[in-house]
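What follows is the residue order along each chain.
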Amino acid sequence: MDDSDARPDDIAHGRALLRSLRVWDTELPPFDLEAAPGDPLALFWQWFVDVAEAGQVEPHTMTLATADASGRPDVRTLMLHDADDAGWHFGSHAGSAKGRQLAARLEAALGFYWPVQGRQVRVRGRVTPASAADSRADLARRSPGALASALVGRQSEVLPSYGDLVAASQAAWEHAQADPDAPAPSWTLYVLEAAEVEFFQGEARRRHVRLRYLRDPDGGWTKELLWP
């Protein structure tokens, strides 16, 4: 939306509000660098538990950044399905915009932002589609609504009207309820194998702590600090 699409009072109020906003209006936790584990996966789950217990809403949501075949970047918000020694897991349709972009370029990045504790986690690496069996198992672990949505499919395609979506969604819900194991062939589980993981801890005086893990050729990790 450009300025011509909004009412002048909305624009003025929005800009004034933007300038008045402050971040981290709470006590932020310290980041004990000496206690940071050697593996970023362990620290990720420590932080995840911390922010969830501190009241962070939807801590499993994250941004996924990809690029298409011509290098144009794209970004969206989706849910983390798991994180283990194989990598960070998420799902989508193979024919969606993100699915097509990952087919063209297998590199991607993830971003988690947890303002309740002023924390961020950034993950970069290569993405691999899981097997059809693992993708089906991933969908089976999710809610009936997730199955219904997967059965609708056609993600990122042009929608002629909202009524078409309502009709397709209703049919998919009935299908999912009648057959909880219904296949959704385009649904794909993706796994991002991290080459680097950065942990950012905000600090009130802007002396933010940034700890980056870099994957070694032997599969281990090297830790280094970054200037904020």
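About the criteria used
Residues numbered from 1 in each chain as written. Predicted model: local features only at pLDDT ≥ 70, side-chain atom pairs only at ≥ 80, totals over all residues. Heavy atoms only, no water. Patch = residues over 30% accessible without salt bridge, like charges linked within 9 Å, V, L, I, M, F, W, Y side chains within 5 Å. Areas by Shrake-Rupley, 256 points an atom, 1.4 Å probe, with all protein chains shown as cover. Salt bridge = Lys/Arg side-chain N within 4 Å of Asp/Glu carboxyl O. Helix = DSSP H or I, 4+ residues; strand = E, 2+ residues; numbered from the N terminus. Contact = heavy atoms within 4.5 Å. Axes fitted to C-alpha atoms, helices over the stretch in contact; angles between N-to-C directions. Parallel < 35°, antiparallel > 145°, perpendicular 65-115°, else oblique. Left-handed = near helix turned anticlockwise from the far one by under 90°. Nonpolar A, V, L, I, M, F, W, Y, C, P; charged D, E, K, R; others polar.

### Overview of a nonpolar patch on the surface
Part 1 of the reasoning: A contiguous nonpolar patch, built from Leu159, Tyr162, Leu165 and Val166 and spanning about 390 Å² of accessible area, is present on the exposed surface.
Part 2 of the reasoning: Within the fold, Val166 resides in helix α6 (residues 162-178).

### Quick word on the pattern of salt bridges
Part 1 of the reasoning: Per the stated rule, a full pass over the model turns up 10 salt bridges.
Part 2 of the reasoning: Among the ionic pairs, Asp10 bridges to Arg7, the shortest N-O distance being 2.8 Å.
Part 3 of the reasoning: Here the salt bridges share partners, and the residues they tie into one network are Arg124, Glu196, Arg212 and Glu224.

### Focus on the side chain of Ser92
Part 1 of the reasoning: Secondary-structure assignment places Ser92 in strand β4 (residues 87-93).
Part 2 of the reasoning: In contact with Ser92, other than residues within four places in its own chain, are Lys98, Gln155, Ser186, Trp187, Thr188 and Tyr190.

### Quick notes on the packing of helix α5 (residues 144-152) against α6
Part 1 of the reasoning: The interhelical angle for the contact between α5 and α6, taken along N-to-C directions, is 125°, at an axis separation of 8 Å. As judged from the angle between their axes, α5 and α6 are oblique. Between α5 and α6 lies a crossing of right-handed hand. Residues Pro144, Gly145, Leu147, Ala148, Leu151 and Val152 of α5 form the contact with α6, whose participating residues are Ala168, Ser169, Ala172, Trp173, His175 and Ala176.
Part 2 of the reasoning: A per-class count over the contact of α5 with α6 returns 9 nonpolar, 3 polar and no charged.

Structural measurements only, silent on function.
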